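# Close look at the chain arrangement
In case you want the letters, here they are:
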Amino acid sequence: MNAPRASASASGGATPQPARAGLSIRTRALLVSLVLLAIPFVGYGYVREIERVLQAAQEQTVIATARAVATALHDRPKLLERRIDTEASAAVYPRGTTVAATQEIELIIRGLRRSGSRIWVIDQDRRLLVLEGSLRPDPRPAVEPDLWDRIQNAVLGPLFALLLERPREDFDDALPEEVLSGGRAVDNALTGVPATRWRETVDKRAVILAAAHPIWNGTEVIGAVVVEESTNRVLSLRNRAFEQLLTTTVAVFVLGALVLFLFATRLSRRLSRLRDEAEHAIDARGRVHRAFRAERDRDEIGDLSRSFGTVLDRLAEYNDYLERMADRLSHELRTPIAVVSSSLDNLRTAPGGAGSQVYIQRAEEGVRRLNAILTRMSEARRLAETLKGTERERFDLARIVSGCVAGYAATFPHDRFDLRLPQHPVELDGAPDLIAQLLDKLVDNAREFSAPGDPIEIVVDVEWDWARIAVSNVGPPLPDAMAGQIFESMVSVRPTAAPAPERPRSEPHLGLGLFIVRLIAEFHGGRAAARNQPDGKGVTVEVAFPLAGARAAG
């Protein structure tokens, strides 16, 4: 289609603007796929929320453990007495009494301690009585990573190392002296108030959660239980969740981008093929010189392709119509021009007198035919404009047809008209004058193809919500290829030879009569069709209209 644009520019038309560079469909599809990258950010916030929930759950678990140990030690002051290290103390307390008490506390703690937790007990004087457990979790057997884990670590490992804080198990888990002497949680517990505390290890490599609970002897606080755990387990769960989320997102993004890219590639190729078909179907002069191959896919591009095919088919028909119009006008104009020319030649050579009147009459007849041709050419255009402002009224179709047929019988006494009407009125909404004009065209068409004396049958009937006018004549059948085209403008199946002597042609025929019939039918919401009679000896032209009630209901 570049050639027609260049031709239009050369002939004085508007200069086409250069095409603006833009993003291709594939690039836009890839940009759309970037929306998926928002998933990790949303997911990260969700993972952080999960982390807070896990930390809260860990805090409640540590508090429950401290409460359980303290409950086991309530009202048992002998268990919290100081260990006997001297001979003087041994004289007061039986030997082995405090050692057995310490062992009993250790047994209680071991039954309630979890892996990765440390529990210690102090008395009211902040002296450490029992220290059990370790903040490092129990070692687990090494698990060989599978193929997916190795691929994940190889591809996304650097990204994980950049984004995530890895928990470290090589932290210093020593119990600082300041925790015993001045820790806020310990202070609260020794005053009878359970408390929790988050603190960093001495080497700043881990965060420790501590929960302290008082040990009661009646109404007196005699000590405190402190349970500690590191937050490494929560960090590990958070990291694992985020790794899975990020891995899934990356996989979905890559797969989605690939699918979108392939889809956009196929879409782009189909559009390019559609463009090439449209450009190659029309030559530089705007004529359709090859068939348009429409797609069969049942999607929007397929519909667009089929619409292009329909448009090009109509354009080809219009080009053919323009080409035929010149031939048909040439044929119709040749005869009256020849009459006028010959009459003028005779007038030029013949002496004046009565004989010149014959030539003058012939010239006038030729001029009249020329005027009739020009009138017929503008009749369809004027009718199309008139239909826009025509007012509708309700009328009886049978009465209009009956009156028109009576006029035909008086005007054409040599023709035979057979009329069949229904017994009841046939009401339509429209213009009765246009219906009369439509019937005139149908009868003229039937008379043109029938011999004088042959019956022209005119039938009006009703079927369901439709009224029908059918005009049948005896004559040559329609060619099969023309059955669907005779209602187009400038289409005629009349022979180019001179008409039979018994039916002289008084008016030029430009193939506009049935085209006007179609315009009037469509104005009334109807349709026109033509078919050969079953015996092959004639043609029936039928026009159907919706009844007045059916049109109002629709």
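The following refers to the structure shown. Note that residues are indexed from 1 along each chain, following the sequence as it is written. With the structure being a predicted model, the display of local features is reserved for residues of pLDDT at least 70 and the display and counting of side-chain atom pairs for 80 or more, all residues being used for whole-chain, interface and lining totals. As a rule here, side-chain values cover all heavy atoms of the structure and leave hydrogens and water aside.

So, on to the packing of aromatic side chains. Aromatic rings from Phe, Tyr and Trp, with only the six-membered ring used for Trp, were paired whenever their centres fell within 6.5 Å, and each pair was classed as stacked if the ring planes differed by under 30 degrees, edge-to-face if by over 60, and tilted otherwise. The full count for this structure, using the stated rule, is one aromatic pair. On the numbers, 6.0 Å between centres and 40 degrees between planes, the contact of Tyr408 with Phe417 is tilted. Across this residue pair, the class does not change: Tyr408 and Phe417 are buried. Between the NZ or CZ atom of Arg392 and the centre of the ring of Phe523, over which it lies, the distance is 4.2 Å. Buried, partly exposed and exposed residues are distinguished by accessible area as a fraction of the type maximum, computed with a 1.4 Å probe on protein chains only: under 20%, between the cut-offs, and over 50%, respectively. Placement of a positive charge over a ring is assigned whenever Lys NZ or Arg CZ falls within 6 Å of the ring centre and within 35 degrees of the normal to the ring plane.

Moving on to the packing of helix α2 (residues 25-33) against helix α9 (residues 232-281). Between α2 and α9, whose axes approach to 8 Å, the crossing angle comes to 155 degrees. For the element pair α2 / α9, the angle class is roughly antiparallel. In this structure, α2 crosses over α9, and the sense of that crossing is right-handed. Between α2, through Ile25, Arg26, Ala29, Leu30 and Ser33, and α9, the contact on the second element is made entirely by Phe253, Ala257, Leu260, Phe261, Ala264, Thr265, Leu267 and Leu271. Axis definition: a line fitted to C-alpha atoms, over the contacting stretch in the case of helices. Angles run 0 to 180 degrees between N-to-C directions. Elements are defined by DSSP. Helices are runs of H or I of four residues or more, strands are runs of E of two residues or more, and each kind is numbered from the N terminus. Should an angle fall under 35 degrees it is taken as roughly parallel, and over 145 as roughly antiparallel, whereas 65 to 115 is taken as roughly perpendicular and any remaining angle as oblique. It is the rotation of the near helix from the far one that decides the hand of a crossing: anticlockwise by less than a right angle makes it left-handed, clockwise makes it right-handed. The contact rule is simple, with two residues in contact once any of their heavy atoms fall within 4.5 Å.

One non-glycine residue, Asp75, lies in positive phi territory at about 55 degrees. Among the structural elements, Asp75 can be located in the loop between α3 (38-73) and α4 (87-92).

Another point: helix α14 (residues 513-523). α14 sits mainly inside the fold: eight of its eleven residues count as buried. Leu514, Phe515, Ile516, Val517, Leu519, Ile520, Ala521 and Phe523 are the residues of α14 that are buried. Positive phi shows up at Gly525, right after α14, with a value of about 75 degrees.

The next subject is a nonpolar patch on the surface. Two distance rules govern patches: like charges are joined within 9 Å, and nonpolar side chains (Val, Leu, Ile, Met, Phe, Trp, Tyr) within 5 Å, applied only to residues with over 30% relative accessible area and no salt bridge. Using a 1.4 Å probe, accessible areas were evaluated by the Shrake-Rupley method; residue-level cover was limited to the displayed protein chains. When a carboxyl oxygen of Asp or Glu is within 4 Å of a side-chain nitrogen of Lys or Arg, the pair counts as a salt bridge. On the surface, Leu30, Leu258, Phe261 and Leu262 cluster together to form a nonpolar patch covering roughly 340 Å² of accessible area. When residues in the nonpolar patch are grouped by element, the largest group, three residues, is from α9. By the element assignment, Leu258 lies in helix α9. Residue classification places Leu258 among the partly exposed positions, given a relative accessible area of 45%.

With that settled, consider the packing of helix α12 (residues 397-411) against helix α13 (residues 432-449). Packed helix pairs are specified by the crossing angle of their axes together with the interaxial distance, meaning the distance between the axes. As a packed pair, α12 and α13 sit with axes 10 Å apart at the nearest point and diverge in direction by 45 degrees. Taken together, the axis directions place α12 and α13 in an arrangement best described as oblique. In the packing of α12 onto α13, the handedness of the crossing is right-handed. Only Pro432, Ile435, Ala436, Leu439, Asp440 and Val443 of α13 make contact with α12, whose side of the interface consists of Leu397, Ile400, Val401, Cys404 and Tyr408. For the contact of α12 with α13, the per-class residue count stands at ten nonpolar, no polar and one charged. Amino acids are sorted into nonpolar (Ala, Val, Leu, Ile, Met, Phe, Trp, Tyr, Cys and Pro), charged (Asp, Glu, Lys and Arg) and polar (every other residue, Gly among them).

Our focus in this paragraph is the pattern of salt bridges. On inspection of all chains with the given rule, the structure shows 23 salt bridges. When the shortest N-O distance is used, the salt bridge between Arg118 and Glu228 registers 2.6 Å. Of this pair, Arg118 sits in strand β1 (residues 117-123) while Glu228 sits in strand β5 (residues 220-230), placing them 110 residues apart in sequence. Overall, the relative accessible area of 4% leaves Arg118 in the buried class.

Let us now look at the sheet that holds strand β2 (residues 128-133). Pairing between two strands requires that DSSP report at least two bridges joining them. Across the sheet, which stays open at both edges, the five strands sit in the order β2-β1-β5-β4-β3 with antiparallel pairing between neighbours. One side of each edge strand has no neighbouring strand; the edge strands of this open sheet are β2 and β3 (195-200). Each adjacent strand pair in this sheet contributes to an overall mean axis angle of 20 degrees, direction not counted. The pairing of β3 with strand β4 (residues 207-217) spans six bridges and is antiparallel. Among the inter-strand pairings, Arg197 is bridged to a residue of β4, identified as Ala210.

Below, the discussion takes up the nonpolar core. Within the largest apolar cluster, 45 residues are counted, with the highest numbers of intra-cluster contacts made by Leu397, Val401, Leu439, Leu442, Ile458, Ile469 and Val471. Those elements that provide at least two residues to this core are α11 (355-388), α12, α13, β9 (455-463), β10 (466-474), α14 and β12 (538-546). Each residue touching Val401, except ones within four places of it in the same chain, is listed here: Leu419, Leu421, Leu439, Ile458, Val460 and Ile469. Nonpolar cores were defined as sets of buried Ala, Val, Leu, Ile, Met, Phe, Trp, Tyr and Cys residues, with membership established by side-chain atoms within 4.5 Å. Counting residues in hydrophobic clusters, the runner-up holds 20 residues, among them Ala66, Leu80, Val130 and Ala211.

Across five bridges, the pairing between β1 and β2 is antiparallel. Counterpart to Ile119 in the pairing with β2 is Glu132. From the end of β1 to the start of β2, which pair antiparallel, there are four residues, and Arg126 there has a positive phi angle of about 65 degrees.

Attention now moves to α13. One fewer than the residue count of a helix, multiplied by 1.5 Å, yields its expected span. The end-to-end C-alpha distance of α13 is 26 Å, a good match for the 26 Å that 18 residues give at a rise of 1.5 Å each. The element α13 is extensively covered by neighbouring structure, given that 13 of its 18 residues are classed as buried.

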